[in-house]
Amino acid sequence: MKVTFPHMGYMYVSLRGLLEFLGIEVIVPPPCSKRTLNLGVKHSPEFACLPMKLNVGNFIEASELGADTIMMAGGCGPCRFGYYAYVENEILKDLHVNFDLVVMEPPEKHIGELLGRIRKITGNQPWLRVIQALRFGYLKAKAVDEIEKLSYQKRPRELVHGATDNALQQAIHEIDRAKTPKDLILAQAKAREIMAAVGIDRERPVLKVALIGEIYTLLEPFANVNIERHLGYLGAEIDRSMMLSEWINDHLFMGLIRNAPSSARFKKAAPPYLNHFVGGHGEETVGSAVWYAQQGFAGAVQILPFTCMPEIVAQSILPKVSEENGIPIMTLIMDEHSGEAGMITRLEAFIDLLKKKEEYKEALTS
């Protein structure tokens, strides 16, 4: 068995750690690229969203490297993502690319449901070993999230352009190559040292900008055209509304890990603008906009794939949230035609607007 999975940011670090801990061979697809996208666009329905097209491209490229089993997340509700694993599998069959498909559906009642699905991958390995592997994968996701958050603080203040990006890749590599929990502790310490070595100007003024929206386009740099990097270069310290370890605990572990960050704070903030579940992360998007406004953020950027139904619902509500909570919100819709140059131009204009707004507020208070 050679297991693969779609790319979604640094998720591969967590999944590779989990599976290799169990002695399972892993084939990580090449990072998402123009070729990945072209393969997905060629073989996917035109109306399908960007994440599905990139997933199809990931799987085709992984099959070229010898992968024979797909480990894929599932879902439920109005978001079409719940169907995508099966649709993608049918597309691959039509292309005579044959995989065994294992869908990790979120548990409906208890974590035992998830463990049962994982058994399809792990075979007859002892449950204790499987649980240890799950914990190790989660700890890797948490370690990566910590390093990413450090990069958000460093990038707008760095003394040498690009130093944060170089340090981030080195730090992630240290975490990725850790094979045991003991190794991971040492790798985290090394990763923190690497990030701490990035020189910064602590006095440089920065804007605090939130990134909100659909999880895939938030986490996958190719899908969002490296928005985190560009905002950092423009002098914005970002905070991403969704981190991988938080999503794992909320949706797969059902909040089993206590005192961990949770999207519950966003759901609580969504009413009265949105009072019920609309699929995907639509409810969290609305609530996060309110929550970040309450935290004093200068602005927010909503990112979503073209045709994403839950985020379209959220997008229609955000203008009222923006008006009543005093937080400018820009929406970026991503598809296969999204260009980096055009997005940078829009971000520059948005950051200029936020700076003028902050200067005006300071003038009023002085």
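Counting restarts for each chain: residues are numbered from 1 in the order of the written sequence. Since the coordinates come from a predicted model, pLDDT governs what is reported: local features require at least 70, and pairs of side-chain atoms require 80 or more to be given and counted, while whole-chain, interface and lining totals use all residues. Based on all heavy atoms of the structure, the side-chain values leave hydrogens and waters out of the count.

Enquirer: Explain the overall build of the protein to me, and be specific about the residues and the numbers.
Expert: When you go through the protein residue by residue, the secondary structure sums to 15 helices and eight strands. Relative to the 2.2 N^0.38 estimate, which gives 21 Å for 366 residues, the radius of gyration of the protein is 20 Å and therefore close to what a compact globule would have. Here the term buried applies to any residue with accessible area under 20% of the maximum for its type, exposed to any over 50%, and partly exposed to those in between, with areas from a 1.4 Å probe on protein chains only. Looking at the protein as a whole, 54% of its 366 residues qualify as buried. We call two residues in contact when some of their heavy atoms are within 4.5 Å. Put simply, of all contacts in the protein between residues at least 6 apart along the chain, 73% involve residues at least 24 apart. Across the protein, the 40 positively charged side chains and the 44 negatively charged ones have centroids separated by 5 Å. Elements are defined by DSSP. Helices are runs of H or I of four residues or more, strands are runs of E of two residues or more, and each kind is numbered from the N terminus. Both definitions apply: the radius of gyration is a C-alpha atom measure, and the globule rule equals 2.2 Å times residues to the power 0.38. For the purpose of charge, His is not counted, nor are the chain termini; Lys and Arg are scored as positive and Asp and Glu as negative. A charge is said to be at NZ when it belongs to Lys, at CZ for Arg, at CG for Asp and at CD for Glu.

Enquirer: Any details on the packing of aromatic side chains? Residues and values, ideally.
Expert: Any two of the Phe, Tyr and Trp rings considered here, Trp counted by its six-membered ring, make a pair once their centres fall within 6.5 Å; the pair's planes then place it as stacked at under 30 degrees, edge-to-face at over 60, or tilted in between. A full pass over the atoms with the stated rule returns seven aromatic pairs. Ring plane angle 50 degrees and centroid distance 6.4 Å describe the contact between Y10 and Y12, whose orientation is recorded as tilted. Classification of Y10 by relative accessible area gives buried; the value is 17%. The exposure class of Y12 is buried, given its relative accessible area of 17%. Arranged with centres 5.6 Å apart and planes meeting at 80 degrees, the rings of F266 and W291 form a pair that is edge-to-face. Highlighted residues: F266 in helix α12 (residues 264–269) and W291 in helix α13 (residues 282–294), separated in sequence by 25 residues. Overall, the relative accessible area of 22% leaves W291 in the partly exposed class. Counting every residue linked through ring pairs, the aromatic cluster contains F266, W291, Y292 and F297. The cationic tip of R129 hangs over the ring face of F21; the distance from NZ or CZ to the ring centre is 4.0 Å. A ring is considered to have a charge above it if a Lys NZ or an Arg CZ atom is located within 6 Å of its centre and within 35 degrees of its normal.

Enquirer: Let's hear about the environment of P271: which residues, and what values?
Expert: Looking at where P271 falls in the secondary structure, it is placed in the loop between α12 and α13. Residue class for P271 comes out partly exposed when judged on its relative accessible area of 38%. In this structure, the C-alpha to C-alpha distance between P271 and F21, residues 250 residues apart in sequence, is 43 Å.

Enquirer: Run through the pairing of strand β3 (residues 69–73), naming residues and quoting values.
Expert: A large share of β3 lies buried, amounting to four of its five residues. By the bridge criterion, two bridges tie strand β1 (residues 2–4) to β3 in an arrangement that is parallel. Pairing of V3 across the sheet is with T69, part of β3. Strand pairing is assigned whenever DSSP detects at least two bridges linking the two strands. Where β3 lies against strand β4 (residues 100–104), five bridges are found, and the strand directions are parallel. In the sheet register, M72 faces β4, and the bridge partner there is V103.

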